[in-house]
Amino acid sequence: MRLELSPEDAAFREEMRTFFTTRVPQEIRDTVAAGRELTKDQIVESQRTLNAAGLAVPGWPVEWGGQDWTPLQRHIWHEEMQRACVPLPLAFNASMVGPVIATFGSQEQKERFLPATANLDIWWSQGFSEPDAGSDLASLRTTAVRDGDEWVVNGQKTWTTLGQYGDWIFNLVRTDPDAPKRQQGISFLLIDMSTPGVTVRPIELIDGGHEVNEVFFEDVRVPAENLVGEENKGWDYAKFLLGNERVGVAPVGATKRMLAAAKAHAATAGPGGTSLLEDPLVAAQVAELENELLALELTALRVVAHSTDGKPHPASSVLKLKGTELQQAVSELVVDLAGPASLASGAGAGSDLPEWTRLATPTYLNLRKASIYGGSNEVQRQIIAGTILGL
Ligand SMILES: Cc1cc2nc3c(=O)[nH]c(=O)nc-3n(C[C@H](O)[C@H](O)[C@H](O)COP(=O)(O)OP(=O)(O)OC[C@H]3O[C@@H](n4cnc5c(N)ncnc54)[C@H](O)[C@@H]3O)c2cc1C
């Protein structure tokens, strides 16, 4: 395995670096760098800037705005974006529903939805999980019953991330309750969230933010043409989508950035502005995290090198597992470095305490989610045991 980029790939990296650091508004990148919450407008503006340059959906078919890049180029694009503090293109659009429509949708659906999805003219939400149907997704109960040219949808989804901004939601719905296997009676349905009968209710989180929601469907009438692919084949499309979701899951670039910032803070966070990096315990903790991140980075490159057929490599579960563990470990280190000042979560800009100390605890708490969504880490361990270790 080559660990050095070829001159072409190094030039590609420079091109990405220059674009991300000069064309995406500085104020948006500063917001990401500080760990503050992005507004909807900032996320939309950033994605439209990328899309105008053909950099929002490189994984899609070229015909619909994708790029004929190698897996390594896609990896470099992804890492450089994180390194430059550019918000990643909205995953629901770019890596979830877009590829599903491009692969399984009708020509009308492709024309209607793909350009708007790439440009974030439509903000998509993901309506998969339900109460009692998370890891065991096949037990979902939301129903869609055919009535003439329409589907009538009833049920409840939960943990719908940023559903408060959603224009449309892609849903898994049960269309055949009598199918011999639970997976066989599920369909993939696109629903306009402004349809009567759709209600979005916020879930308040421990970090004080509003990131997830419950979505209720009461006799929601959906045009039949909004079904993607074949009726009762939704499970196949969901598996395809979840496979894509796990690509690029190890946020190595962002975690490296967080760790570098933590080191910079540590340099003056000791009593009287002294450096905590001279404390052997802190220094050892930082060195261990740096080494583990380097190992993860190399593993990510190995996975990329073996994903040439476009399918996610089973080792992507290792990336999800280790990547989220390291992300959480770095956020824990930041809380330790902030010390008592980390208790000031919720203190506003008027506080005397530095912003990073005020954000340390909410960030730490928020990142507990990373080991749950996108397939919980326990489930990743099951996949690793079965598909990699053959246990
Ligand atoms: C912040 C956040 C955002 C999310 N956003 C969305 C979204 O936008 N759209 C959407 O559809 N969903 C979303 N989800 C849902 C997410 O996909 C589920 O939470 C996840 O799949 C886990 O399901 P669950 O919460 O029902 O937990 P459960 O499946 O009930 O799991 C509970 C515990 O049991 C463990 N467990 C379950 N099965 C196994 C097994 N086979 N082996 C070993 N251990 C197991 C789990 O790891 C976990 O520790 C989000 C979740 C979070 C936390």
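The numbering scheme is per chain: residues are counted from 1 as the chain's sequence reads. Where totals are concerned, whole chains, interfaces and linings use all residues; where local detail is concerned, this predicted model gives features only for residues with pLDDT of at least 70, and gives and counts side-chain atom pairs only at 80 or more. Side-chain measures were taken over the full set of non-hydrogen atoms in the model, leaving aside hydrogen atoms and water.

**Student:** Just to check I follow, could you spell out the domain arrangement of the protein for this structure?
**Tutor:** A common way to express how large an interface is: the accessible area buried when the components associate. When the domains of the protein are assigned, the result is domain 1 (7–89), domain 2 (124–230) and domain 3 (249–389). Segmentation of the chain into domains, including their bounds, is taken from an automatic or database domain assignment. Between the C-alpha centres of domain 1 and domain 2 there is a distance of 30 Å.

**Student:** Would you explain the UniProt feature "domain: Acyl-CoA oxidase/dehydrogenase middle" (unreviewed entry) in the protein in this entry?
**Tutor:** UniProt positions are given in the numbering used here, feature names are shortened, and annotations may be inferred rather than shown by experiment. Under the present numbering, the feature "domain: Acyl-CoA oxidase/dehydrogenase middle" (unreviewed entry) in UniProt falls on residues 127–220. In this description a helix means any DSSP run of H or I spanning at least four residues, a strand means any run of E spanning at least two, and both kinds are numbered starting from the N terminus. For residues 127–220, the helix share is 0%, the strand share is 46%, and the end-to-end C-alpha distance is 14 Å.

**Student:** Mind showing me how you'd approach the packing of aromatic side chains here?
**Tutor:** Each pair of aromatic rings is reported with the distance of its centres and the angle of its planes. Two aromatic rings from Phe, Tyr or Trp, using only the six-membered ring of Trp, form a pair when their centres are within 6.5 Å; if the ring planes differ by under 30 degrees the pair is stacked, by over 60 it is edge-to-face, and anything between is tilted. One pass over the structure, following the stated rule, counts 13 aromatic pairs. Between W123 and Y165, the ring centres sit 5.2 Å apart and the planes meet at 80°, which makes this aromatic pair edge-to-face. Here W123, found in the loop between α6 (107–118) and β1 (124–127), pairs with Y165, found in the loop between β3 (150–157) and β4 (168–174); they are 42 residues apart in sequence, far enough to count as distant. Given the relative accessible area of 1%, W123 is considered buried. Ring geometry for F128 against F188: centres 6.2 Å apart, planes inclined by 85°, an arrangement best described as edge-to-face. Taken together, the residues span a long stretch of sequence, with F128 in the loop between β1 and β2 (143–147) and F188 in strand β5 (residues 186–192) at a distance of 60 residues. Residues F128 and F188 agree in their burial class; the two are buried. Following the ring pairs from residue to residue traces out a cluster consisting of F113, W124, F128, W168, F170 and F188. Charges are assigned to positions over rings by a cutoff of 6 Å between ring centre and Lys NZ or Arg CZ, combined with an angular limit of 35 degrees from the ring normal. Over the face of the ring belonging to W151 we find R146, whose NZ or CZ atom lies 5.3 Å from the ring centre. Positioned over the ring face of Y364 is R368, at 3.9 Å from the centre of the ring. Summary of the burial criterion: residues with accessible area below 20% of their type's maximum are buried, those above 50% are exposed, and those between are partly exposed, where the area comes from a 1.4 Å probe applied to protein chains only.

**Student:** Teacher, can you tell me more about the site of the ligand here?
**Tutor:** Nearness is defined per residue: one heavy atom within 4 Å of the molecule or strand is enough. Not every one of the 17 residues close to the ligand is listed here, only the nearest: S135, W159, T161, S376 and E378. Two N or O atoms form a polar contact when they lie within 3.5 Å of each other; inside protein one atom must be a possible hydrogen donor and the other a possible acceptor, and for residues adjacent in sequence the pair counts only when both atoms belong to side chains. Taking S135, its side chain carries an N or O atom lying 2.7 Å from an oxygen atom of the ligand. Interatomic distance of 2.7 Å between a backbone N/O atom of W159 and a nitrogen atom of the ligand. Here the shell around the ligand takes three residues from helix α12 (residues 377–388), the largest share from any one element. Residue classes in the shell around the ligand are distributed as seven nonpolar, eight polar and two charged. Each of domain 2 (124–230) and domain 3 (249–389) gives at least three residues to the shell around the ligand. Note on residue classes: Ala, Val, Leu, Ile, Met, Phe, Trp, Tyr, Cys and Pro are nonpolar, Asp, Glu, Lys and Arg are charged, and everything else, Gly too, is polar.

**Student:** Can you walk me through the UniProt feature "domain: Acyl-CoA dehydrogenase/oxidase N-terminal" (unreviewed entry) in the protein in this structure?
**Tutor:** Mapped onto the present numbering, the UniProt feature "domain: Acyl-CoA dehydrogenase/oxidase N-terminal" (unreviewed entry) falls at residues 6–119. Taken as a whole, residues 6–119 contains 68% helix and 0% strand, while its terminal C-alpha atoms sit 32 Å from one another.

**Student:** Would you mind showing me how to read a nonpolar patch on the surface here?
**Tutor:** Residues enter patches when their relative accessible area tops 30% and they take part in no salt bridge; the joining distance is 9 Å for like charges and 5 Å for the nonpolar side chains Val, Leu, Ile, Met, Phe, Trp and Tyr. Each accessible area is a Shrake-Rupley result for a 1.4 Å probe, and residues are judged covered by the shown protein chains and nothing else. Take a side-chain nitrogen of Lys or Arg and a carboxyl oxygen of Asp or Glu: if they are within 4 Å of each other, that pair is a salt bridge. Judged by side-chain polarity, I388, L389 and L391 come together as a nonpolar surface patch covering roughly 340 Å² of accessible area. Looking at the secondary structure, you find I388 in helix α12.

**Student:** Is there a simple way to explain the packing of helix α4 (residues 71–83) against helix α9 (residues 280–305) in this structure?
**Tutor:** Angle between the axes and distance between the axes are the two parameters that describe a pair of packed helices. Two elements in contact, α4 and α9, have axes whose closest approach is 8 Å; the angle formed by their N-to-C orientations is 145°. Considering only the axes of α4 and α9, their crossing is right-handed. Where α4 abuts α9, its residues P71, L72 and H75 lie against A300, L301 and V304. Looking at the contact of α4 with α9, its residues break down into five nonpolar, one polar and no charged. Here the axes come from fitting lines to C-alpha atoms, over the contacting stretch only for helices, and the angles between their N-to-C directions go from 0 to 180 degrees. Helix crossings get a hand from a simple test, with the near helix turned counterclockwise from the far one by less than a right angle marking a left-handed crossing and a clockwise turn marking a right-handed one. Whether two residues are in contact is decided by their heavy atoms: any pair within 4.5 Å suffices.

**Student:** Any chance you could explain the pattern of salt bridges here in plain terms?
**Tutor:** Side chains carrying opposite charge are able to pair once their charged atoms draw close together. The full count for this structure, using the stated rule, is 18 salt bridges. For R201, the salt bridge is made with E214, and the minimal N-O distance between the two is 3.1 Å. In this pair, R201 sits in strand β6 (residues 198–203) while E214 sits in strand β7 (residues 212–223), placing the two residues 13 residues apart along the sequence. Residue E214 is classed as buried on the basis of its relative accessible area of 17%. Three or more residues joined by partner-sharing salt bridges are found here, namely E14, R17, E80 and R83.

**Student:** I keep staring at the environment of D219 and nothing clicks. Help me out?
**Tutor:** Mapped onto the secondary structure, D219 falls in strand β7. Residue D219 is classed as exposed on the basis of its relative accessible area, which comes to 53%. Sequence spacing of D219 and G375 is 156 residues, and the spatial spacing of their C-alpha atoms is 30 Å. Filtering out sequence-adjacent residues up to four positions away, D219 remains in contact with V152, V153 and N154.

**Student:** Would you take a moment to explain helix α10 (residues 316–338) for this structure?
**Tutor:** Side chains three or four residues apart in an α-helix point the same way, a direct result of the helix having 3.6 residues per turn. In a regular helix each residue adds 1.5 Å, so 23 residues correspond to 33 Å; α10 covers 33 Å between its end C-alpha atoms and thus fits that length. When you tally the buried positions in α10, you get 17 out of 23 residues, the bulk of the element. With its phi angle positive at about 60°, G339 sits one or two positions after the end of α10. Given a helix with a known number of residues, its expected span is that number minus one, times 1.5 Å.

**Student:** Before we go on, may I ask you to explain a negative patch on the surface in this structure?
**Tutor:** Just so you know, the count uses Lys and Arg for positive and Asp and Glu for negative, and it drops His and the chain ends. To locate a charge, take atom NZ for lysine, CZ for arginine, CG for aspartate or CD for glutamate. Taken together, the side chains of E27, D30, D41 and E45 make up a negatively charged region of the molecular surface. Elements that contribute at least two residues to the negative patch include exactly α2 (26–34) and α3 (40–52). As for its position among the elements, D41 is in helix α3. Residue classification places D41 among the exposed positions, given a relative accessible area of 61%.

**Student:** I tried to follow the nonpolar core on my own but got confused; where do I start?
**Tutor:** Proteins that are soluble and globular tend to have nonpolar side chains buried together. In this description, a nonpolar core means a group of buried Ala, Val, Leu, Ile, Met, Phe, Trp, Tyr and Cys residues linked to one another through side-chain atoms lying within 4.5 Å. In terms of nonpolar packing, the biggest core is built from 56 residues, with F20, L50, W124, F170, F188 and L190 touching the most fellow members. Here this core takes seven residues from helix α5 (residues 91–104), the largest share from any one element. Split by domain, this core shows at least three residues from each of two domains, domain 1 (7–89) and domain 2 (124–230). Aside from chain neighbours lying at most four places away, what touches L50 is F19, F20, V24, L55, A56, M81, V86, P87 and P89. Listed in part, the 25 residues of the second largest apolar core include V282, V286, A300 and L326.

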